[in-house]
Amino acid sequence: MRCAVGDEADESEGATVSYEPVVGHEAEASDEFETRLKVYEGQRAAVARAGKDPVNAPMIRHWCEAMGDTNPAYSGPDAIAPPTMLQAWTMSGLSGHTRGTHAYDELLGLLDDAGYTSVVATDCDQEYLRPLRPGDEITFDSVIESVSEKKTTKLGTGYFVTTRMNIRVGTDLAGTHRFRILKYAPIRREAGREGEPDRRKKPSRPRPVVNRDNAAFWEGVQRRSLLIQRCTGCGTLRHPWLPGCNACGGLDWDSVEASGEGTVYSYVVMHHPPFPAFDPPYAVGLIELTEGVRMIGNVVGVPYDKVRIGLPVRLEFQEYGLQERDEGWVLPVWRAQEAQQMQEVVA
Ligand SMILES: [Zn+2]
């Protein structure tokens, strides 16, 4: 499993990586610093800790409810925990946050002192070696697996630090959890010249996060075709796109094109917090397509406070991000179909 973590990662700002050219004595200083960082590779980031609770059915049930995961493997007398819960069993909760080892703190301190004061989580990668079952008591330790060379990203220049956590039951390795952060010196935003108003352009809308599981969906959207994933084993349609079928567990799939007709199943109106790329308030709809699946999108063509559950909507594709530096991309939005009549009723 691979997942992006945090808003910054979702905006894929941390994703574009290039080498920063270094010259002369600056290069030597940089080499020396990197040698000091490399010393921490292989050192412990956490030593012999125990999970706060044994693997247990109530946490599994709450997780499955929150995820909408009805897989029968996760309930009943022979239940296993969803493998993706791996990290949950290691978490220390909101209180009693435990610190890293001396080596890990020292590494982060070294980066702080060199000006790499910001941090963003970029991704995690898990391997599952043994199912966890209610009653299992886990222990875990963590090692600093790697410190990258200096990298320049859109967020700023810095170093990727990867830790690998090993989660065990007794002597059995149950799984590993690799977690990568970028410690970086943030780029100073260029303010307008003195005496001039600041003419920085509004940031463009965040790009969708495209991964192995949903790439075909977004390729369809770029062609202005809304595709619904279909299990070729049992025919069940699903959205969002996933590697397997929740109904039969099948891994094979194809897709069908959505008719583009739907209704607002639920919605929220975003007021706060304000994101610079958006103009609040605006309505975000959970749209139920006539095919039965639901997906999230902006409801357009009607004032935000006139969006209602049951409002018929029709698919439209809107282009975003055509400003400099950005190649354009397309997002599906949902245009209200009864806006005219509704406005008349309200009037
Ligand atoms: Zn299926």
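Since the structure is predicted, the reported quantities are computational estimates derived from the model, not experimental observations. (Residues numbered from 1 in each chain as written. Predicted model: local features only at pLDDT ≥ 70, side-chain atom pairs only at ≥ 80, totals over all residues.)

Please give an account of the overall build of the protein chain that cites residues and values.
Along its length, the protein chain carries 6 helices and 15 strands. Looking at the protein chain as a whole, 20% of its 347 residues are labelled buried. Within the protein chain, residue pairs in contact and separated by at least 24 positions form 67% of the contacts whose partners lie at least 6 positions apart. (Helix = DSSP H or I, 4+ residues; strand = E, 2+ residues; numbered from the N terminus. Buried ≥ 20, exposed ≤ 12 C-beta atoms within 10 Å, placed from the backbone. Contact = placed C-beta atoms within 7 Å.)

I'd like a rundown of the confidence of the model for the protein chain, residues and numbers included.
Detailed reading of predicted coordinates is not advised where the pLDDT is low. Averaged over the protein chain, the pLDDT score is 85; the fraction of residues at 70 or greater is 82%. Here helix α1 (residues 6-10) stands out as the element of the protein chain with the lowest mean pLDDT, 38, in contrast to strand β8 (residues 227-231), whose mean of 98 is the highest. For the stretch residues 1-23, pLDDT sits under 50, and the model shows 50 contacts to residues farther than four places along the chain or on other chains. In the model, residues 191-199 has pLDDT below 50 throughout and makes 4 contacts with residues more than four positions away in sequence or in other chains. (pLDDT = per-residue confidence, 0-100.)

Explain the environment of aspartate 141 to me, and be specific about the residues and the numbers.
Relative to the elements of secondary structure, aspartate 141 occurs in strand β4 (residues 138-147). Measuring from C-alpha to C-alpha, the distance between aspartate 141 and arginine 168 comes to 8.8 Å, with 27 residues separating the pair along the chain. Setting aside anything within four residues of it in sequence, one finds aspartate 141 in contact with Arg44, Ala46, Val47, Ala48, Arg49 and Asn166.

Before we move on, could you go through the environment of aspartate 31 and cite the residues and values that matter?
With respect to the element layout, aspartate 31 can be found in helix α2 (residues 24-38). C-alpha of aspartate 31 to C-alpha of glutamate 149: the two residues are 118 residues apart in sequence and 9.2 Å apart in space.

Residue-level account of the sheet that holds strand β10 (residues 253-257), with values.
An order of β9-β8-β10 is seen for the 3 strands of this open sheet, with the pairing classed as antiparallel. Only two strands of the sheet have a single partner each, and these edge strands are β9 (237-238) and β10. Note: β8 against β10, 5 bridges, orientation antiparallel. Residue pairing in the sheet places leucine 227 in a bridge with glutamate 257 of β10. (Pairing = 2+ DSSP bridges.)

Describe unusual backbone geometry, naming the residues involved and giving the relevant values.
With an omega dihedral of 0°, the bond running from histidine 239 to proline 240 counts as a cis peptide bond. Here proline 240 is to be found in the loop between β9 and β10. For the peptide bond that leads from proline 280 to proline 281, omega is -5°, which places it in the cis range. Among the structural elements, proline 281 can be located in the loop between β11 (261-270) and β12 (282-289). The phi dihedral of alanine 48 is positive, around 35°, even though this residue is not glycine.

Account for the nonpolar core, naming residues and giving values.
If you look at the biggest cluster of nonpolar residues, it comprises 18 residues, and the most contacted ones within it are Leu107, Ile144, Tyr159, Val161 and Leu182. Those elements that provide at least two residues to this core are α4 (102-113), β4, β6 (156-169) and β7 (172-186). Excluding residues that lie within four positions of it along the chain, valine 161 makes contacts with Leu107, Ile144, Val147, Ile181 and Lys183. Judged by nonpolar contacts, the second largest core, of 15 residues, contains Leu226, Ala258, Ala283 and Val313. (Core = buried A, V, L, I, M, F, W, Y, C linked by C-beta atoms within 7 Å.)

With reference to specific residues and values, describe the environment of proline 276.
Among the structural elements, proline 276 can be located in the loop between β11 and β12. As for proline 276 and serine 204, which are separated by 72 residues in sequence, their C-alpha atoms are 8.5 Å apart. If near-sequence neighbours (up to four positions away) are discounted, proline 276 is found in contact with Lys202 and Pro203.

Requested: an account of α4, with residues and values cited.
The terminal C-alpha atoms of α4, which comprises 12 residues, lie 16 Å apart, in line with the 16 Å expected from a rise of 1.5 Å per residue. Considered for burial, the residues of α4 that qualify are Tyr104, Leu107 and Leu111. Within α4, the buried residues cover an arc of 65° as seen down the axis, which keeps them to one side. Seen from the open side of α4, the exposed residues pointing more than 90 degrees away from its buried face are His102, Asp105, Gly109 and Asp113. (Expected span 1.5 Å × (residues − 1). Arc of directions from axis to C-beta.)

Run through the pairing of strand β15 (residues 329-336), naming residues and quoting values.
Sheet topology note: the strand β13 (residues 294-300)/β15 ladder contains 2 bridges and is parallel. Following the sheet pairing, valine 299 is matched in β15 by tryptophan 334. Sheet analysis places strand β14 (residues 312-320) next to β15, joined by 8 bridges and oriented antiparallel. By the bridge assignment, valine 313 is partnered in β15 with alanine 336.

Outline the sheet that holds β12, listing residues and values.
Judged by pairing direction, the barrel is mixed, and its 5 strands sit side by side in the order β11-β12-β13-β15-β14 before closing back on the first. Strand after strand, the sheet turns through a mean of 50° between neighbouring axes, direction not considered. Sheet topology note: the β12/β13 ladder contains 5 bridges and is antiparallel. For glutamate 288, the partnering residue across the bridge sits in β13 and is arginine 294. (Axes fitted to C-alpha atoms, helices over the stretch in contact; angles between N-to-C directions.)

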